[in-house]
Amino acid sequence: WNAVWESQFEAVLIGASCCIRAPFHTPMEGVLYDIVIEPKMSFGTGHHETTFMMAEWILDNPPLGKNLLDMGCGTGLLAILAHKAGASDVLAIDNNVHAWENARDNFRINGLSDEAVLLGDASLIGGKQFDLVLANIIKGILLHDMPVYANALSKNGELLLSGFLIEDEPEIRQRAEQSGLSYIGRKQKGD
């Protein structure tokens, strides 16, 4: 089923400035960011609401000069877009070997070093500090790793969370506040 889905993968346009496409699509003219994603068995093509909104946020708030961590990077799409939108440094981590391999491939396709993609979990963050941490992951991992993400933020750093249902927001927010974070706002698309 995945091979069929990959062969029918449609390009995604986010706003008027970002096209996410497979290698077999013709590049879209007039976009600022042309991102090529070979989806394989990884999450993060821009089709799902959670990834779409994270990409939209990056476009609305370009991370100029910021260093960024993409936890649970899947295809690597968000880190790639952040780099193209001006992030000074990106690090992408995923605990799934297929996603890790896929993200490394996508980094290379888009002109980034695949050394910035690591296989593992939040323990790989160590004592590193980031201006922006993106975590588009399921609720259980977000809740478990929230203190690690909070500790990885530089002064005035921001954490963007996605990948959970609206009904899970109170629990996610409570865990974030227990980890010393302050609520800024939310975005919603679907449930």
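Preceding this section is the structure that the text describes.
Residues numbered from 1 in each chain as written. Predicted model: local features only at pLDDT ≥ 70, side-chain atom pairs only at ≥ 80, totals over all residues. Heavy atoms only, no water.

### As for the pattern of salt bridges
Rules: Take a side-chain nitrogen of Lys or Arg and a carboxyl oxygen of Asp or Glu: if they are within 4 Å of each other, that pair is a salt bridge. A helix here means a DSSP run of H or I that spans at least four residues, while a strand means a run of E at least two residues long, and both kinds are numbered starting from the N terminus.
Tallied over the entire structure, the rule returns nine salt bridges. Asp-34 is paired through a salt bridge with Arg-21; the nearest N and O atoms lie 2.7 Å apart. Here the residue Asp-34 occupies a position in strand 3 (residues 33–36), and Arg-21 occupies one in strand 2 (residues 18–21), the gap between them amounting to 13 residues. A cluster of three or more residues bridged by salt bridges with shared partners is formed by Arg-104, Asp-105, Arg-108 and Asp-114.

### Some details on the pairing of strand 2
Condition: Throughout, exposure labels follow a simple rule: accessible area from a 1.4 Å probe, protein chains only, divided by the maximum for the residue type, with under 20% read as buried, over 50% as exposed, and the rest as partly exposed. A pair of strands is labelled paired if DSSP reports no fewer than 2 bridges between them.
Of the two faces of strand 2, the one holding Cys-18 and Ile-20 and the one holding Cys-19 and Arg-21 are both buried throughout. Here strand 1 (residues 12–14) pairs with strand 2 via three bridges, running antiparallel. Note on strand 2: the bridge partner recorded for Leu-13 is Cys-19. The antiparallel hairpin formed by strand 1 and strand 2 contains three residues in its connecting segment, where Gly-15 sits at a positive phi of about 60 degrees. Where strand 2 and strand 3 come together, four bridges link them in parallel fashion. Paired with Arg-21 across the bridge in strand 3 is Val-36.

Purely geometric stuff here, so don't read any function into it on its own.
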